[in-house]
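For reference, the chains in residue letters:
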Amino acid sequence: RMSPDPRLTHLDADGQATMVDVTGKEETRRVAVAAGRIRMRPQTLEAFVEGRLEKGEAFAVARLAGIQAGKRTAELIPLCHALPGASVGVDIEPDPGLPGIRVQAEARYRGRTGVEMEALTAVSVALLTLYDRAKAIDRGMEVEGVRLLSKEGGASGTWRRKDAPAESG
């Protein structure tokens, strides 16, 4: 049997999935910012903005769903560490130019492991919640572009997506 690639941190010496041991890492301030968008028909965006959806207010519900999902990432993604006390924030902005809605999430934590998955999960669930709120009037909406914009902290330091807006992170 071939030995596993040493860069694959979630595999043990036998190639079996395992939790990464972070107990030897130094605690540092960790910040991650992720973003994504949902495209829709212009009239669907109008219904969101004007509060005319049958399921009621959408932006506050999606924001709360994203925050809740970010804080529960370890329950959703196998082998993710639980991060008690992590802070997750979600911003939602209508964008007539898409047309659609842009979502950005920021996760913060002081600890031994990063918060990229928490930020990405928060964006993903907020976008899915927006889809759910309006699927009765526009099943053709498209969730797209979910990506990490930046991360800070840990041994690898700061990373910023080359095409990320300057204000992210």
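Residues numbered from 1 in each chain as written. Predicted model: local features only at pLDDT ≥ 70, side-chain atom pairs only at ≥ 80, totals over all residues. Heavy atoms only, no water.

Chemist: Explain the overall build of the protein chain residue by residue, including any values.
Modeler: Within the protein chain, the regular secondary structure consists of four helices and five strands. In sequence order, the secondary structure elements of the protein chain are arranged as β-α-α-α-β-β-α-β-β. Among the 169 residues that make up the protein chain, the fraction classed as buried is 40%. Accessible surface computed for the protein chain: about 9800 Å², of which carbon and sulfur atoms make up 52%. (Helix = DSSP H or I, 4+ residues; strand = E, 2+ residues; numbered from the N terminus. Buried < 20%, exposed > 50% of the residue type's maximum accessible area, 1.4 Å probe, protein only. Areas by Shrake-Rupley, 256 points an atom, 1.4 Å probe, with all protein chains shown as cover.)

Chemist: Tell me about the packing of aromatic side chains, and name the residues and values.
Modeler: Per the counting criterion, the structure on display carries one aromatic pair. Seen from their ring centres, F48 and F59 are 5.9 Å apart, and the 15 degrees between their planes marks the pair as stacked. Separated by 11 residues along the polypeptide, F48 in helix α1 (residues 42-50) and F59 in helix α2 (residues 59-71) bring together distant segments of the chain. (Phe/Tyr/Trp six-rings, centres within 6.5 Å; stacked < 30°, edge-to-face > 60°.)

Chemist: Any chance you could break down the pairing of strand β4 (residues 142-152) for me, citing the residues and the numbers?
Modeler: Sheet analysis places strand β1 (residues 28-39) next to β4, joined by eight bridges and oriented antiparallel. Residue pairing across strands places R37 opposite E144, the latter belonging to β4. Across two bridges, the pairing between β4 and strand β5 (residues 159-160) is antiparallel. Note on β5: the bridge partner recorded for K151 is W159. (Pairing = 2+ DSSP bridges.)

Chemist: Describe helix α4 (residues 116-134), naming the residues involved and giving the relevant values.
Modeler: With 19 residues, α4 should cover 27 Å at 1.5 Å per step; its first-to-last C-alpha distance of 28 Å lies within 8% of that length. Among all positions of α4, only E118, A119, L120, T121, A122, V123, A126, L127, T129, L130, R133 and A134 are buried. (Expected span 1.5 Å × (residues − 1).)

Chemist: Account for the environment of V90, naming residues and giving values.
Modeler: Relative to the elements of secondary structure, V90 occurs in strand β2 (residues 87-95). Residues contacting V90, with those up to four places away along its chain left out, are R63, G66, I67, V103, Q104, A105, A122 and A126. (Contact = heavy atoms within 4.5 Å.)

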